[in-house]
Every structure is written in C-alpha cells, then in structure tokens.
Amino acid sequence: MKGYLGKYFLVLISGLAIPLLIGCASSSSSTPVQDSKAPPSSGAQAVTISISAKNIAFDTKNITVPAGADVTVIFDNQDSGIPHNFAVYTTPAATSLIFRGDVVTGPKTIPYNFMAPTTPGTYFFRCDIHPTIMTGTFTVTGP
Ligand SMILES: [Cu+2]
C-alpha cells in the first residue's frame, strides 16, 4: 500500500515539474528588446552652430552653412527676463520665412533644428522680437 502511494506521489510531482520546467525555458528564451532608433537622416551634412543673445544683440552677424545641411542651432539667451528667438528668412524684408525658432525668455538655452536652403546664396536671420536690432547674414554655400 505504501509503495503504491509513493509511486503515485512521484507521478504527481513529475506532472507538476514538467510545466514548471517549460515555464522556465520559455521565459529564458524570450528575445531581447531591439533598440528601435531611427537610422541617421539621408546623407545630409549635419552642422551645429552656437549663437548667444546678450544685451539685445547676437554674438555673431554672419552664419555660414552648406546647402541642404541638417542645421542645429544651440541658442543661448543670456538676457534675464528678455525674450528672444532665432529666425531665418530669404531676404532682410523678412517676408518669406525659412525657419522660426520658438521664443525663449532668458536665461535659457534651447536647441533649434532645421534644414538649410538647398540653393546656395545669401539669406537673412534675425530675432523676431527685436527685428531691427538683432539681425545678421545667413550664407548658404554650394557643393
Ligand atoms: Cu531679441
């Protein structure tokens, strides 16, 4: 009688052990999560420019980038309590916008990103808040 029960008990244990082993095996074989970062953009030259605004003036009057470049502008507004931005237009008349950065009140640094014009030439940049004081030349060079 005792032997019969013992045998039954073993069968019962092994019956429980099999699903447990399968459970372990399946969890350990789960595939690792892939890093789904997008590939870098299609061959456009990446350019990073730092510009600061201080005492209602840009620290540069001339910016030059290659045609069609992926431009990052690190804009550092150092004027406490004064809003500024960085915007690019086709001409000093500022009627045709190429890029307008968000207005930020200093002191604050913000990154702007945009595509440079694909046509080489002389363009215009300014602060939209101080459009007659804070201006400069945005030059796009050819290949
Ligand atoms: Cu300004």
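1. Brief notes about the overall build of the chain
Broken down by element type, the chain carries one helix and 10 strands. Traced from its N-terminal end to its C-terminal end, the chain shows the element sequence α-β-β-β-β-β-β-β-β-β-β. The burial tally for the chain puts 17% of its 143 residues in the buried class. Counting contacts in the chain only where the partners sit at least 6 residues apart, residues at least 24 apart contribute 65% of the total.

2. Things to note about the environment of I56
With respect to the secondary-structure elements, I56 resides in the loop between β1 (46-53) and β2 (62-66). For I56, a count of 13 C-beta atoms within 10 Å translates into the label partly exposed. The spatial distance from the C-alpha of I56 to the C-alpha of N77 is 9.3 Å, given a sequence separation of 21 residues. Dropping the residues within four chain positions of it, I56 is found in contact with D79, I82, H130, I133 and M134.

3. Concerning the sheet that holds strand β3 (residues 70-77)
In a beta sheet, neighbouring strands are held together by backbone hydrogen bonds and run either parallel or antiparallel to one another. The strand order β1-β3-β8 describes an open sheet built from three strands, whose pairing is mixed. Edge positions in the open sheet fall to β1 and β8 (108-115), since each of these has one partner strand only. The mean angle between the axes of side-by-side strands here comes to 20°, regardless of whether they run parallel or antiparallel. Alignment of β1 against β3, held across eight bridges, turns out to be parallel.

4. What about the sheet that holds strand β5 (residues 87-89)?
Within the open sheet, the five strands sit side by side as β2-β10-β9-β5-β6. Their pairing is mixed. Both outer strands of the open sheet, β2 and β6 (97-100), are each paired with one neighbouring strand and no more. Strand after strand, the sheet turns through a mean of 25° between neighbouring axes, direction not considered. Summarising the sheet, β5 and strand β9 (residues 121-126) pair through three bridges and their orientation is antiparallel. Counterpart to V88 in the pairing with β9 is F125.

5. Some points on unusual backbone geometry
Omega for the peptide link from G106 to P107 comes to 0°, which places this bond in the cis form. Although it is not a glycine, I56 adopts a positive phi angle of roughly 55°. Not every positive phi belongs to a glycine, and A94 is a case in point at roughly 55°. We classify A94 as partly exposed; it has 16 C-beta atoms within 10 Å.

6. Details of the nonpolar core
In this structure, V73, F86, V88 and F125 are the most contacted members of the largest nonpolar core, which totals 20 residues. Every element with two or more residues in this core is listed here: β1, β2, β3, β5, β9 and β10 (135-141).

7. As for the environment of G121
Along the chain, the position of G121 falls in strand β9. Along the primary structure G121 and V140 are separated by 19 residues, whereas in three dimensions their C-alpha atoms are 5.2 Å apart.

8. Re the confidence of the model for the chain
Looking at the chain, pLDDT values average 82 and 71% of them are 70 or higher. Between residues 8-31, whose pLDDT stays under 50, and residues either more than four places distant or in other chains, the model counts zero contacts.

What counts, and at which threshold
- Residues numbered from 1 in each chain as written.
- Predicted model: local features only at pLDDT ≥ 70, side-chain atom pairs only at ≥ 80, totals over all residues.
- Helix = DSSP H or I, 4+ residues; strand = E, 2+ residues; numbered from the N terminus.
- Buried ≥ 20, exposed ≤ 12 C-beta atoms within 10 Å, placed from the backbone.
- Contact = placed C-beta atoms within 7 Å.
- Pairing = 2+ DSSP bridges.
- Axes fitted to C-alpha atoms, helices over the stretch in contact; angles between N-to-C directions.
- Core = buried A, V, L, I, M, F, W, Y, C linked by C-beta atoms within 7 Å.
- pLDDT = per-residue confidence, 0-100.

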